[in-house]
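Here are the chains, one letter per residue:
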Amino acid sequence: MNTPTNGKEHDSQYNHFGKLASEQTTVREATDAPSSRTLRAKERYFVTKSSASIEYPYWYTRTWEALEGEIPIIRRAEAMKSAFSHITPVVYPGELIAMSKANYLRGSFPMPWLSEAYFMAAEGEMYQEALQAGKVSADTVTTMGQGGGNVTKSMGKVLSIAGKFGLRSEEMPMLVKIAKKWHNKSVDDVGHKYEQMVPGYDTKEEIMRSVICMFDSGYTLPQGREVMNYYYPLQYGIDGIIDMCKEGIEETAGYPDMDRLYFYKAIMLMLEGIQTWIRNYAEEYKEIATYCTEEQEKEEYLDLAERLLWLSSKPPRSFFDAVQLTWIFHIAVLNEDAISGLSPGRLGQVLYPYWKSDMDKGIISRELSLEWLENMRMKFTQIDCFASMGVVGGVLSGNTFNNLCVGGLDKEGNSAANELEALILKAGMTCDTPQPTLSLLFDEKSPEDFLLKGVECTKVGTGYPAWINNQVAMEFLMTNYVEEGMTIEEARAWAIGGCLETSACSWMPLEYEDMTHYIPGGSAPATSVGVHFISLPKILETVLSRGIDKRTGQRVYEDHHFILDSYESVWKAFKKYFRETVKVLTLTNNIQHDAWRKITPSLVNSMLKPDCLTKGKDIGQQGSRYNRTFNVEICGGVNLANALASLKKNVFEDKNFSLKELREALDANFGYKTAQETGSYSLIDQQKSENFLTYLKIHKLCMDAPKYGNDDPMVDGIFKEWQEWFADMCSDYTSLYDKALYPCQISVSTHAPMGAVTLATPDGRLAGTTFVDGSVSAYPGTDNNGPYALFNSATCYNHALSQNSQLNMKIHPSVVQGREGAKKFLEMIKAYLRQGAFHAQFNVVDSRMLKDAQENPDEYRGLMVRVAGFTQYWVELGKQIQDEVIARTEYQEIG
C-alpha cells in the first residue's frame, strides 16, 4: 500500500515532494577526514558492544548495607564514595581525554537502588510479580536495533540485559544477589508502596498497561534532560569546594536547620571518592608509561597522569585541563543516577577563556584543538545509559542526548558565537558521531558566517545542529520562571537540556588570569521529570470505545457518559479522559520523586548547581535557583488533530459514514493486516486482508480528510485549539514542590511503541504503525503543498506556550549541494524560525539509501540519521523507527 498522494509525484518505495532529483541514489556531500588518532578511536568503538558492569553497584550496595542507621544523605554519600573509589581505571591507546563512566568502553551499570525488579532471574518469584505490573508493558512492544553495539540476544557466556547490554554470565548470580538486597527498599518499590494510596490508582495501573503512558520517571530516569554547570570545579577546584563545605559545617553544626550540616558533609565525602577515582587513573597512566617503547606515547601518558593529579585537587591551568575537568564531572553526575539528556550546554562558551588564552600564547593551534574536540566527541559517544528495554529502546533508541549548544546571546545581549564554537561545528563534521548532538541557538544577532557554518554541518547528513529560536525559548522562560526571579539577562544564559527541553541557566563569574568571564551553566534540576509521554491517539481510541483498551479488552477509564453525537461531544470526552490521566499520573509521579529525593538524593549534580552550595540544600530540597521543572509530555498530537478533523468532516459534517461504521472499520484495521503481522511499521508496503474492499471507501475518505501540514484552516484550527487548551490545563496540576506543571512536546522514540499498541485511527493510520514523529511534523506522505505550507501549519499557535516544539524534515542531498544550496537552505530555516517557530531539524539523505541500509546494514555501520531531537547510528535503531524515518516525506524542492 502507498500513502494517498492527492496528485503529487510519488515513488512506490517512499514519500516525496517535488520532482524526483535523480533515478540514482544521491550520496551526501563529503567532509574532511578526522585525525588518524580519531579514526582509530572510531574503529575501536565500532567493534565494541554495550556492556554492563556490576563493579559500581557491588561497592555501593556493600557500603550502604554496612551503614544501616546512618543519616540517609550521609549513607548515600559513603556508598557513592566507595563506588567511585573502586571503579577500575582502564586506559585506551591514543586517548587525549582520560577516564570513563565504567570499566568498559561502552560501559554502564544497573542501579538497583532505583529499581531492582528487572534484574532478577526469570524464574524468580519477585521477577514474575514485576512482569504483572503495568510499568513493564512498554518493554513488550519495543524493538531494539539489531546491529551496531547493541547486545540484543544472549550468546555464549554473555547474557543480554535490557535488550542492549551484554553481561558476563558468571556475574549474573552476583547481580541478582545485589538486586535482592534492594527488594522493598528501592525507589521503585517504596514509591509503588505509597502511590497505591492515591485515589484512582487502579486507573493508573491500567493506563500503564495500555501504554497510554510510556513510563514512570521517578525511578527510571530521575535526573537528566537538563544542563550541566561546570562553574564550581573550574573556579575553585575540588579542594576549594571541600573548603567551602568545611566552612558550611562550621556555620551550621549545632544550629537549627541541621540538614545543611549533613548536606555539606555528604558533599565532602562524595568529593573524596571522586578524588580517589581521579588519582587511581593517574597512577594507572604512570604505570602504563613505564611499559611504553615509543617516546611520544610515554610522554602523553605521563602528561595525562600529571594533569589528573593536578585536577584531583586544583582548578584548571589550561584549555586541556578545562576540557578534562568538565569531562570528569560530566561522567561523575552520570554515575549517581540513571540519566539521559545530561547536556553540556554552551560548552564552547564555558571553555572559551581557556582556549583563547592558550591560542594567544601560542600553546595550542586550531589543528590540535580540533583533534581534542574530535576526541571529546568520541568520549561522549561512548556514554551508555542503563535502564529498562522500554526506556532504552522505546524512548532513547540507545541514545543519551548530550546536547551541546552553540550561538545565542551573551550576558549583555550581544551574539555569543565564538571561534571555538566554529571549531565545535567543524569537529561535528570531521568526527560525525551521535554525541554530543549539537543545537544552534538562532538569534537575529547571530553572524551570517556562523550560521552558514551551521548549515554546512547540517547538510552533510549529520542530523545536527538542530536549529532553535533563541527568542521563543527566552519568552518561555520569562513566562514560567519569573516568580523565581528570572530576568531577561538571566534568560539569555539558557540552553537545551536533553534532546529538546528548554532549560533555565545562569551566568557565573569565572575568574581566570585576572579577568572575569561570565560563563553560562544550568541552574535548574531535571526539566523533564513530570508525566512522561501520554499517547493522545490512544486516549481518543478509548473515547470511541467508552474507556476500553481495544487491544487488550481491558477497561482503562470509567464510561465518560457522552452520547458522541457531535464533534463537540467527542472533544469534551477526550478532554475528560486526558484530565483524568494527567491528574492520577501527576499524583503518583510526585510520590515516586519524593521517594527518590529521600532514598537517593543527588549529590554530584547538587554540588554543581547554583545555589545548592549556598543554601546547603540538594536539588530535591529546592536548592537550585529555579525549581519549576515538572512537565506533562505528550505524543501523537498531529495524529490527534488529523483524527479529529476526519471525525468532524466525515461523521458530523458531511455524514459520509456513521460513527458506528467508523468504529467497525477501525476494529477491522480498514481491511489491512496489522503492522505486527506484516513487520512494516509505516503506511508504506502494508498488506491487504480478505475484507479490504469492505472498508476501502471509508479508508479513502479518512485519508482524504484535511491533514495538518498543508496550511488548511480547518485541521490547523483544531491543532491550535488543542495546543492552547493543553498549555492552559497543565497549570491546574502541581509538582511535589507545589509549582505548576507546563507542557512539553517531544516524541523522542515513543511514537513507535505507542503506535504499536494503538489500533487504526480516524485519520487513516493503520494499527500498530508509528505516530507522527516530533510534535509539529506532518504525518509521512500527507504534507502535499511544500515546506512553506508546513511552516504555516506548524506556527498556527504560539510556540512559547510550551517547553518546546519539534519539527523534523527530510531533504534530498541534491537540493542543498554547494554554496548556493547552503544559502538557500539557510534562508528556508530563517523563514520558518522568523514565523515564531521554536525548532527545526533535518535529515539530509536519499531515502533509497536508507532502504538499502535497512536491507544491508553491515555496509552502513557509520550511517547516522536524525530521529527526534537526537542523531543515532542507523544500525542501532529498531525497525519501527527505521520504517518511520524512511516514510517521512522527502523534500526535493525547498524554493
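Structural notes on the packing of aromatic side chains
So, point 1. This model, assessed by the stated rule, comprises 44 aromatic pairs.
So, point 2. Ring centres of W571 and W725 lie 6.0 Å apart, and the angle between their planes is 65°; on these two criteria the pair is classed as edge-to-face. Here W571, found in helix α22 (residues 567-599), pairs with W725, found in helix α29 (residues 713-730); they are 154 residues apart in sequence, far enough to count as distant. Of the two residues, W571 and W725, both sit in the buried class.
So, point 3. Relative to Y797, the ring of F719 has its centre 5.9 Å away and its plane inclined at 80°; by these criteria the two rings are edge-to-face. On the criterion of sequence distance, the pair formed by F719 in helix α29 and Y797 in the loop between α31 (787-794) and β18 (808-811) is long-range, its members being 78 residues apart.
So, point 4. Through a chain of ring-to-ring contacts, the aromatic side chains of Y56, Y60, W64, F84, F109, W113, W182 and W277 assemble into a single cluster.
So, point 5. The ring of W310 carries the charged tip of K314 above its face, separated from the ring centre by 5.1 Å.
So, point 6. Across from the ring centre of Y518, 4.6 Å away, lies the NZ or CZ of K411, which sits over that ring.

Details of the confidence of the model for the protein
Do not read the predicted coordinates in detail wherever pLDDT is low.
So, point 1. Mean pLDDT for the protein: 91, with 92% of residues reaching 70 or above.
So, point 2. Counted against residues more than four places away or in other chains, residues 1-12, with its pLDDT under 50, gives 37 contacts.
So, point 3. Of the regions scoring below 50 in pLDDT, residues 138-145 engages in 37 contacts with residues more than four places distant in sequence or in other chains.

Focus: the pairing of strand β16 (residues 631-635)
So, point 1. In terms of burial, β16 is a largely internal element, five of the five residues being buried.
So, point 2. Alternating residues of β16 divide into N631, E633 and C635 and V632 and I634, and every residue in both groups is buried.
So, point 3. For β16 and strand β17 (residues 742-744), the ladder comprises three bridges, and the chain directions are parallel. Within β17, the position partnered with N631 by the bridge is Y742.

Quick notes on the side chain of S777
So, point 1. Inspection of the secondary structure assignment puts S777 in the loop between α30 (751-756) and α31.
So, point 2. Residue classification places S777 among the buried residues on the basis of a relative accessible area of 1%.
So, point 3. At 2.9 Å, the side chain of S777 forms a polar contact with the backbone nitrogen of N808.
So, point 4. Among all residues touching S777, those that are not within four sequence positions of it are V638, Y708, V772, Q806, L807 and N808.

A word on the side chain of N375
So, point 1. Along the chain, N375 turns up in helix α15 (residues 366-381).
So, point 2. Exposure remark for N375: the relative accessible area of 5% places this residue in the buried category.
So, point 3. Of note is the side chain of N375, whose polar atom sits 3.0 Å from the backbone nitrogen of I97.
So, point 4. Apart from the residues lying within four places of it in its own chain, the contact partners of N375 are T38, E95, L96 and I97.

Thoughts on the domain arrangement of the protein
A common way to express how large an interface is: the accessible area buried when the components associate.
So, point 1. Domain assignment breaks the protein into domain 1 (51-196) and domain 2 (224-524).
So, point 2. Contacts between the two partners involve 46 residues from domain 1, matched on the other side by 48 residues from domain 2.
So, point 3. Contact between domain 1 and domain 2 buries roughly 4,600 Å² in total, counting both sides, with carbon and sulfur atoms accounting for 66%.
So, point 4. Contact with domain 2 buries surface across domain 1, with L96, I97 and M99 losing the most and accounting together for 19% of the total.
So, point 5. Linking domain 1 to domain 2 there are three salt bridges.
So, point 6. Between domain 1 and domain 2 we count 17 residue pairs in polar contact (both at pLDDT 80 or more) in total.
So, point 7. The set of elements that each furnish at least two residues to the side of domain 1 that touches domain 2 consists of α3 (72-85), β3 (107-108) and α5 (137-140).
So, point 8. Tallied by class, the residues present in the side of domain 1 that touches domain 2 amount to 30 nonpolar, eight polar and eight charged.

With respect to the packing of helix α11 (residues 259-289) against helix α13 (residues 319-334)
So, point 1. Contact pair α11 / α13: the axes reach a minimum separation of 12 Å and the direction vectors enclose 120°. The orientation of α11 relative to α13 falls into the category oblique. α11 and α13 meet at a crossing whose hand is right-handed. Together, L271, I274, W277 and I278 of α11 and I328, F329, I331 and A332 of α13 make up the contact between the two elements.
So, point 2. Taken together, the residues of the contact of α11 with α13 sort by class into eight nonpolar, no polar and no charged.

Some details on the pairing of strand β15 (residues 531-535)
Regular strands show a simple pattern: their side chains alternate between the two faces of the sheet.
So, point 1. Counting buried positions along β15 gives five out of five residues, so the element sits mostly inside the fold.
So, point 2. Examined bridge by bridge, β15 and β16 share three bridges and lie parallel to one another. Of the residues in β16, the one forming a bridge with I534 is I634.

Definitions and limits used
- Residues numbered from 1 in each chain as written.
- Predicted model: local features only at pLDDT ≥ 70, side-chain atom pairs only at ≥ 80, totals over all residues.
- Heavy atoms only, no water.
- Phe/Tyr/Trp six-rings, centres within 6.5 Å; stacked < 30°, edge-to-face > 60°.
- Helix = DSSP H or I, 4+ residues; strand = E, 2+ residues; numbered from the N terminus.
- Buried < 20%, exposed > 50% of the residue type's maximum accessible area, 1.4 Å probe, protein only.
- Lys NZ or Arg CZ within 6 Å of the ring centre and 35° of its normal.
- pLDDT = per-residue confidence, 0-100.
- Contact = heavy atoms within 4.5 Å.
- Pairing = 2+ DSSP bridges.
- Polar contact = N/O pair within 3.5 Å; in protein donor to acceptor, adjacent residues only side chain to side chain.
- Domains from an automatic or database assignment.
- Buried area = accessible area lost by both parts, 1.4 Å probe.
- Salt bridge = Lys/Arg side-chain N within 4 Å of Asp/Glu carboxyl O.
- Nonpolar A, V, L, I, M, F, W, Y, C, P; charged D, E, K, R; others polar.
- Axes fitted to C-alpha atoms, helices over the stretch in contact; angles between N-to-C directions.
- Parallel < 35°, antiparallel > 145°, perpendicular 65-115°, else oblique.
- Left-handed = near helix turned anticlockwise from the far one by under 90°.

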